[in-house]
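# Observations on the model geometry
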Amino acid sequence: MDSLLTAAARALAAGDALSALKRVALRHDAPALALRGIAMAQLGDYPRSRELLRLAVRGFGAREALSRARCVVAEAEVALAMRELAATPRMLHALEQAAATLSARGDETNASQAQLVAVRGCLLMGRLDEAAAWLARVDVPSLPPLLAAVAGLAGAELSLRSLRTGPAREALLRAQRAAQRAQVPALQAEVDEALAALDQPAARRLGAQGEALLRLSDVETLLASPSLVIDACRRGLSLDGRWVPLASRPVLFTLAQALAEAWPADVPREALIARAFRTRRPDDTHRARLRVEIGRLRALAAGMATIDATARGFQLRPAHGRPVVVLAPPIDGAQASLLALLADGAAWSTSALALALGASQRTVQRALAELLVGQRVRCVGQGRARRWLVPPIAASAGFTTILLLPTALPLH
């Protein structure tokens, strides 16, 4: 590699994209195209970055497998930044092959980079088991400071998504030390922001003593307590380490939440029907359906609580006289998980949001339209190029949305 390419590569490693471009902006050989593509990615011009990286791949010959693999890793990172989640399975396969090629040729640093890109992609899709498997393959102690910081951030998010705040804080402190050694301001800011999120409100506790804001560590403590927790963040019931998911049973969870919010009092049948079935004019069919749904909830909550019929409705009775607590999201409304994804500051397409949430694209479009009316999101571009973001003020609203991210691991 000539001196200009070496200087450009060093500038990119330090996060100085403009200095790198000054050295290779007018060159069209494959190595220069690859460096220009990475520089454009650092500057946020992802479409141009991907175009340059693909030109570089075509420019490298069949014998230059190492350089081609590096470009594959860079292009995968660009696709991740553009939130092109539809190609995630293909991207993971390409990263698997690229990591093997890089490792076989002695480039362990870029092989680790490929693995960390895969970790971030799995985390974004909520595939936490896959993310943990990819992260376990990374030899973290041997990483250079920049990649060590990225690995720390990934490990912290993985711990937070499974509500292990102690390991998450340790991973972030390691990431902070690595980021300081790397001396990349943007990376240092990201680590500092993640550390600050640990001390921000993550949920609200609703109970007989009123409402209180909880940090993530408080949520972890609450879920380990003897209380019966109706978790409106993950939509399920928790008691003594047992977890009953109700995310796919919205009517049952609505009934459980209504009964828990009224505990120790009962809830009138008309109020339950109005809340669960969204009707203000109940008839005999609604009352019959309510009995059926209450029976299903009783079966799922067996051993955790009973649901007794009263003269006017139903009453929740936790097992062994345990207290009942409702864990509510920090954001009110049905679009909480959508806002949680958008809170990362990236520009999302509706198709990517639908894939991450496991919902239909039309459902996501309706939710975004409602949020747009309330000025809680904004859009850029038109047609298929339209992307969605949260306004800058909403992105720093003073709470963390980690509990609202989709497909989180159940608690054991």
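I will try to describe carefully the structure that is included in this document. Small disclaimer: the values here were computed from a predicted structure and weren't measured. What you see as residue numbers is a count from 1 along each chain, following the sequence as written. Predicted model: local features are reported for residues with pLDDT of at least 70 only, side-chain atom pairs are reported and counted for 80 or more only, and whole-chain, interface and lining totals are derived from all residues. Computation of side-chain values covers all heavy atoms of the structure but excludes hydrogens and water.

### Some details on the overall build of the chain
Going along the chain from the N terminus, every DSSP run of H or I of four or more residues is numbered as a helix, and every run of E of two or more is numbered as a strand. Helices and strands together make up the secondary structure of the chain, namely 19 helices and 11 strands. Principal-axis analysis of the C-alpha atoms gives the chain an extent of 85 × 45 × 35 Å. Burial classes follow relative accessibility: with a 1.4 Å probe on protein chains only, a residue under 20% of its type's maximum area counts as buried, one over 50% as exposed, and anything between as partly exposed. By the burial criterion, 47% of the 412 residues in the chain qualify as buried. A contact between two residues is defined here by any heavy atoms of the two lying within 4.5 Å. For the chain, long-range pairs separated by at least 24 residues make up 58% of all intrachain contacts whose partners lie at least 6 apart in sequence. Per element, the accessible surface of the chain, about 20200 Å² overall, is 53% carbon and sulfur. In these tables, accessible area is a Shrake-Rupley quantity obtained with a 1.4 Å probe, and a residue counts as shielded only by the protein chains included in the view.

### Thoughts on the sheet that holds strand 8 (residues 313-318)
Adjacent strands of a sheet pair through backbone hydrogen bonds, lying either parallel or antiparallel. Read from one edge of the open sheet, 3 strands run 6-8-7, paired in antiparallel fashion. What marks the edges here is a single partner per strand, and that holds for strand 6 (267-268) and strand 7 (305-309). As a rule, the C-alpha atoms of each element are fitted with a line to give its axis, helices using only the stretch in contact, and angles between N-to-C directions run from 0 to 180 degrees. Contacts from helix 13 (residues 250-262) reach strand 6, strand 7 and strand 8 within the one sheet, and its direction differs from that of strand 8 by about 75 degrees. At least two DSSP bridges between two strands are required for those strands to pair.

### Remarks on the sheet that holds strand 3 (residues 228-231)
Ordered in space as 2-1-9-3-4-5, the 6 strands form an open sheet in which the pairing is mixed. Strands at the two margins of the open sheet, each flanked by one partner only, are strand 2 (210-214) and strand 5 (242-245). Sheet twist, expressed as the mean angle between neighbouring strand axes with direction ignored, is 20 degrees. Of the strand pairs in this sheet, strand 4 (residues 236-239) and strand 5 are connected by 4 bridges, and their pairing is antiparallel. Looking across to strand 5, one finds that Leu-239 is bridged to Arg-242. Here helix 12 (residues 216-223) sits on the sheet and contacts strand 1 (203-207), strand 2, strand 3, strand 4 and strand 9 (324-328); the angle it forms with strand 2, its principal contact strand, is near 120 degrees.

### Observations concerning the packing of helix 9 (residues 145-161) against helix 11 (residues 185-197)
Contact geometry of helix 9 with helix 11 gives a least axis separation of 11 Å together with a crossing angle of 25 degrees. Here helix 9 is positioned roughly parallel relative to helix 11, judged by the angle of their axes. For the pair helix 9 and helix 11, the crossing hand works out as left-handed. Side by side, helix 9 and helix 11 meet where Leu-146, Ala-149, Val-150 and Leu-153 of the first sit next to Leu-187, Glu-190, Val-191 and Ala-194 of the second. For this classification, the nonpolar set comprises Ala, Val, Leu, Ile, Met, Phe, Trp, Tyr, Cys and Pro, the charged set comprises Asp, Glu, Lys and Arg, and every other residue, Gly included, is treated as polar. Split by residue class, the contact of helix 9 with helix 11 holds 7 nonpolar, no polar and 1 charged. For classification purposes, an angle smaller than 35 degrees is called roughly parallel, one larger than 145 roughly antiparallel, one from 65 to 115 roughly perpendicular, and anything else oblique. Each crossing gets its handedness from the near helix: less than a right angle anticlockwise from the far helix is left-handed, clockwise is right-handed.

### Quick notes on helix 9
Helical geometry: 3.6 residues make up each α-helical turn, so side chains three or four residues apart lie on a common side. One less than the number of residues in a helix, times 1.5 Å, gives the span that helix is expected to have. An ideal rise of 1.5 Å per residue puts 24 Å on 17 residues; helix 9 measures up with 24 Å between its terminal C-alpha atoms. Among the 17 residues in helix 9, 14 count as buried, and that is most of the element. Trailing helix 9 by a residue or two, Leu-163 shows a phi angle of about 55 degrees, which is positive.

### Focus: the environment of Ala-178
Counting through the fold element by element, Ala-178 comes out in helix 10 (residues 165-182). Among the residues examined, Ala-178 registers a relative accessible area of 1% and is labelled buried. For Ala-178 and Ala-347, which are 169 residues apart along the polypeptide, the C-alpha to C-alpha distance reads 28 Å. In this structure Ala-178 touches Pro-145, Ala-148 and Ala-149, once residues within four positions along its chain are discounted.

### Quick notes on the pairing of strand 1
As paired elements, strand 1 and strand 2 share 5 bridges and run antiparallel to each other. For Arg-205, the partnering residue across the bridge sits in strand 2 and is Ala-212.

### Details of the nonpolar core
Formed by 81 residues in total, the largest nonpolar core has its most connected members in Leu-95, Leu-327, Leu-338, Leu-342, Trp-348 and Leu-353. Element by element, the count of residues in this core is highest for helix 9, at 10 residues. Residues contacting Leu-327, with those up to four places away along its chain left out, are Ala-203, Arg-204, Leu-214, Val-219, Leu-222, Val-229, Ile-230, Asp-231, Ala-232 and Cys-233. If you look at the next biggest cluster of nonpolar residues, it comprises 31 residues, including Leu-255, Ile-273, Ala-301 and Met-304. We define a nonpolar core as any set of buried Ala, Val, Leu, Ile, Met, Phe, Trp, Tyr and Cys residues linked to one another through side-chain atoms lying within 4.5 Å.

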